[in-house]
Every structure is written in structure tokens, then in C-alpha cells.
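# Fold and geometry: a report
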Amino acid sequence: MKKLVRLRHDRMVAGVLSGLAAYMDMDATVVRLLFVALLLITGVMPFAILYALAVLIIPSEENVV
């Protein structure tokens, strides 16, 4: 069973988007580009808040057994 975790080896900021990409079997670059596009289209605050919440909620891969 796959688990959503923040990756340490392929991270730019906190590993949220690379973990999400690994969970969805997508390229991390594509997920990052989609995130930036949505960030700019909707205004920065909604997705910035979602990213901050994801950092707090999604566990790091080193903390998952």
C-alpha cells in the first residue's frame, strides 16, 4: 500500500510536491509546474496556505515506519 510522505531525496522546499508526485506516479517537475501555475492563476495565498498545511499534516518519510 502506498503512503503519502514528504520525500527527503527529491525535495526543493519541504518535499511535499515530490512526495505527491511519487504517490501519483508522476514526474515531480510536472507536479511542481502545475503547482506554480495554479499558484499564479488563483493568487498566491490559497495555494500557499494549502502548501503550509500540507507541510504540517503530511509526515516526513523518515518518521514513517
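Residues numbered from 1 in each chain as written. Predicted model: local features only at pLDDT ≥ 70, side-chain atom pairs only at ≥ 80, totals over all residues. Heavy atoms only, no water.

### Description of the side chain of Arg6
Positionally, Arg6 belongs in the segment before helix 1 (16–23). No salt bridge is formed by the buried Arg6; the nearest opposite charge belongs to Glu62, separated by 6.9 Å. From its side chain, Arg6 meets the backbone oxygen of Ala14 in a polar contact 3.4 Å long. For Arg6, the residues in contact, after removing those within four places along its chain, are Ala14, Gly15, Val16, Ala54, Val55, Ile58, Pro59, Ser60 and Glu61. (Helix = DSSP H or I, 4+ residues; strand = E, 2+ residues; numbered from the N terminus. Buried < 20%, exposed > 50% of the residue type's maximum accessible area, 1.4 Å probe, protein only. Lys, Arg positive; Asp, Glu negative; His and termini not counted. Salt bridge = Lys/Arg side-chain N within 4 Å of Asp/Glu carboxyl O. Polar contact = N/O pair within 3.5 Å; in protein donor to acceptor, adjacent residues only side chain to side chain. Contact = heavy atoms within 4.5 Å.)

### A look at the nonpolar core
The biggest cluster of nonpolar side chains holds 12 residues, and these are Ala14, Val16, Leu17, Ala21, Ala28, Val31, Phe35, Leu39, Phe47, Tyr51, Ala54 and Ile58. The set of elements that each furnish at least two residues to this core consists of helix 1, helix 2 (28–42) and helix 3 (44–57). Per element, the largest residue contribution to this core is 4 residues, and it comes from helix 2. Setting aside residues up to four positions removed in sequence, Phe47 forms contacts with Phe35, Leu38, Leu39 and Thr42. (Core = buried A, V, L, I, M, F, W, Y, C linked by side-chain atoms within 4.5 Å.)

### A closer look at the environment of Glu61
Counting through the fold element by element, Glu61 comes out in the segment after helix 3. Through-space distance from the C-alpha of Glu61 to that of Gly19 is 8.9 Å; in sequence the pair is 42 residues apart. Look past the residues within four positions of Glu61 in its chain and what remains in contact with it is Val5, Arg6, Leu7, Arg8 and His9. One polar contact links the side chain of Glu61 to the main-chain amide nitrogen of Arg8, over a distance of 2.9 Å.

### Re the packing of aromatic side chains
Within a pair of aromatic rings, the relevant descriptors are the distance that separates the centres and the angle that separates the planes. Scanning the model with the defined rule gives 2 aromatic pairs in all. Residues Phe35 and Phe47 carry aromatic rings whose centres are separated by 5.9 Å and whose planes lie at 85° to one another, so their mutual orientation is edge-to-face. With Phe35 in helix 2 and Phe47 in helix 3, this pair connects stretches of sequence that are 12 residues apart. Pair check on accessibility: Phe35 and Phe47 agree, each one buried. Ring geometry for Phe35 versus Tyr51: centroids 5.6 Å apart, planes at 50°, classification tilted. With Phe35 in helix 2 and Tyr51 in helix 3, this residue pair connects regions lying 16 residues apart in the sequence. We note that Phe35, like Tyr51, is buried. (Phe/Tyr/Trp six-rings, centres within 6.5 Å; stacked < 30°, edge-to-face > 60°.)

Keep in mind that these numbers describe shape and distance, not what the molecule does.
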